[in-house]
Amino acid sequence: MFRPTMLACAFAALSASVSQAQEIEAAPSPHGVVAIGAGVAPEFDGSKDVRVLPAILADIRWRGVNVQVGGQGLRADIVSNSRLAFGPVLGVRLPRDDADGRIGLLPEIDTAIEAGAFVGYRFGGNEGGQGALETELSVVQDVSGAHDGLLATARVSYFAIRSDTFSLSLDARTTWVNQDYARTYFGVTPAEAVASGLAAYRPGSGIRDVGMSLTAGYWFSPRIGVMGAVGANYLVGDFADSPVTDEGRRWQPMGALTVAYRF
């Protein structure tokens, strides 16, 4: 179960693999890929520590609808088109609790439920998708009251290799967040500053980070393979200058390794 920032990377890998199993867009029975393994991700935004989490991924297509599950996220492409993608997104952002050091003296942040939509378009590429450039924009809003924030993520993916046995894709992304999100995860109120010893800080809305990732899949047989993803986000602007980040680090690494089954 990755953090939501890893979902684009995971979905890119699964999409590359599903295309090999898909003979007809509106197949009479479900087909796709499921993958299970382990992943690592920062404990919270700006953390210097990582946690190990189970990685459970799925990309299933049936009757023109593509449902994708990636760790703490779920989305569905409801447009039956090989180039255009659009649909709803639902994600879970892990809580910030039991933090070490002075961050642990700040109020804990509950688990957040984020809902929204995404739209994407794929340019170029051969029949198997190799050489394709995929662009995507997703927008989600907290609906649980944990941070009441809005996040918009733009992503570009390049499918360098897509064959029956091997897939490789590169991914670049950036995320904009509003003031509510920024102050929940990176802000320090005057009262919190007194309690924690951190400097008071009021960040505004803006670009939170930029990131890159690499995903690959290798199939030992038509059914069984392995899939891996590795990447990092780099905090910028107000988020890099936050006392929370000063206690942690700007680089936010993440990755996963899974065993995959294609059907």
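The structure presented is a predicted model; accordingly, all values stated were derived computationally and were not measured.

A. Structural detail: the overall build of the protein chain. Looking only at helices and strands, the protein chain features 5 helices and 12 strands. The buried share of the protein chain, reckoned over its 263 residues, is 48%. Expressed as a percentage of contacts within the protein chain between residues at least 6 apart in sequence, the contacts between residues at least 24 apart total 63%. When the accessible surface of the protein chain is split by element, carbon and sulfur atoms take 63% of a total near 11,500 Å².

B. Just the sheet that holds strand β6 (residues 112-123), in detail. The antiparallel closed barrel is built from 12 strands, whose spatial order is β1-β2-β3-β4-β5-β6-β7-β8-β9-β10-β11-β12. Strand after strand, the sheet turns through a mean of 20° between neighbouring axes, direction not considered. As paired elements, strand β3 (residues 65-70) and strand β4 (residues 73-77) share 5 bridges and run antiparallel to each other. Bridged to Gln68 within β4 is Arg75. Here helix α2 (residues 179-186) sits on the sheet and contacts β5 (84-93), β6, β8 (150-162), β9 (166-177), β10 (206-219) and β11 (224-235); the angle it forms with β9, its principal contact strand, is near 100°.

C. View of the pattern of salt bridges. Following the criterion strictly, the structure yields 10 salt bridges and no others. Of the charged contacts in the structure, one is a salt bridge between Asp171 and Arg173, with a shortest N-O distance of 2.6 Å. Looking at Asp171, the relative accessible area reads 3%, which means it is buried. Under the relative-accessibility criterion, Arg173 is labelled buried at 7%.

D. Quick peek at the pairing of β6. Pairing of β5 with β6, which is carried by 10 bridges, proceeds in the antiparallel orientation. Considered in β6, the bridge of Val92 is made with Ile113.

E. Highlighting unusual backbone geometry. Unlike most non-glycine residues, Arg63 shows phi in positive territory, near 55°. A relative accessible area of 55% means that Arg63 is categorised as exposed. The phi dihedral of Asp98 falls on the positive side, at around 55°, and the residue is not glycine. Secondary-structure assignment places Asp98 in the loop between β5 and β6.

F. Structural context of the nonpolar core. Formed by 15 residues in total, the largest nonpolar core has its most connected members in Leu151, Val177, Tyr181, Tyr185, Phe186 and Phe239. Mapped onto this core, the elements with two or more residues apiece are β5, β6 and α2. Per-element accounting of this core gives the leading share, 4 residues, to α2. Beyond its immediate sequence surroundings of up to four residues, Tyr185 is in contact with Asp45, Arg93, Arg96, Ile109, Ala112, His147 and Val244.

G. Spotlight on a negative patch on the surface. On the surface, Asp97, Asp98, Asp100, Glu108 and Asp110 cluster together into a negatively charged patch. Looking at the element boundaries, Asp100 is found in the loop between β5 and β6. By relative accessible area, Asp100 is classed as exposed at 57%.

H. Region of the structure containing the confidence of the model for the protein chain. Chain-level pLDDT for the protein chain is 89 on average; 89% of the residues reach the 70-or-more range. In the model, residues 1-8 has pLDDT below 50 throughout and makes 37 contacts with residues more than four positions away in sequence or in other chains.

I. A look at α2. Within α2, burial applies to Tyr181, Ala182, Tyr185 and Phe186. Buried residues in α2, looked at end-on, bunch into an arc of 100°, giving them a common side.

J. Inspection of the packing of aromatic side chains at higher detail. Scanning the entire structure with this criterion turns up 6 aromatic pairs. Where Tyr121 meets Phe123, the ring centres are 4.9 Å apart and the plane angle is 65°; that geometry is what we call edge-to-face. Classification of Tyr121 as partly exposed rests on a relative accessible area of 34%. In this structure Phe123 comes out as partly exposed when scored by relative accessible area, which is 44%.

K. Molecular detail of the pairing of strand β12 (residues 251-262). Both strand β1 (residues 31-42) and β12 contribute to a ladder of 8 bridges, which runs antiparallel. Of the residues in β12, the one forming a bridge with Ala35 is Ala260. By the bridge criterion, 11 bridges tie β11 to β12 in an arrangement that is antiparallel. Its bridge partner lying in β12, Tyr234 is registered against Trp251.

Reading the values: rules and limits
- Residues numbered from 1 in each chain as written.
- Predicted model: local features only at pLDDT ≥ 70, side-chain atom pairs only at ≥ 80, totals over all residues.
- Heavy atoms only, no water.
- Helix = DSSP H or I, 4+ residues; strand = E, 2+ residues; numbered from the N terminus.
- Buried < 20%, exposed > 50% of the residue type's maximum accessible area, 1.4 Å probe, protein only.
- Contact = heavy atoms within 4.5 Å.
- Areas by Shrake-Rupley, 256 points an atom, 1.4 Å probe, with all protein chains shown as cover.
- Pairing = 2+ DSSP bridges.
- Axes fitted to C-alpha atoms, helices over the stretch in contact; angles between N-to-C directions.
- Salt bridge = Lys/Arg side-chain N within 4 Å of Asp/Glu carboxyl O.
- Core = buried A, V, L, I, M, F, W, Y, C linked by side-chain atoms within 4.5 Å.
- Patch = residues over 30% accessible without salt bridge, like charges linked within 9 Å, V, L, I, M, F, W, Y side chains within 5 Å.
- Lys, Arg positive; Asp, Glu negative; His and termini not counted.
- Charge placed at Lys NZ, Arg CZ, Asp CG, Glu CD.
- pLDDT = per-residue confidence, 0-100.
- Arc of directions from axis to C-beta.
- Phe/Tyr/Trp six-rings, centres within 6.5 Å; stacked < 30°, edge-to-face > 60°.

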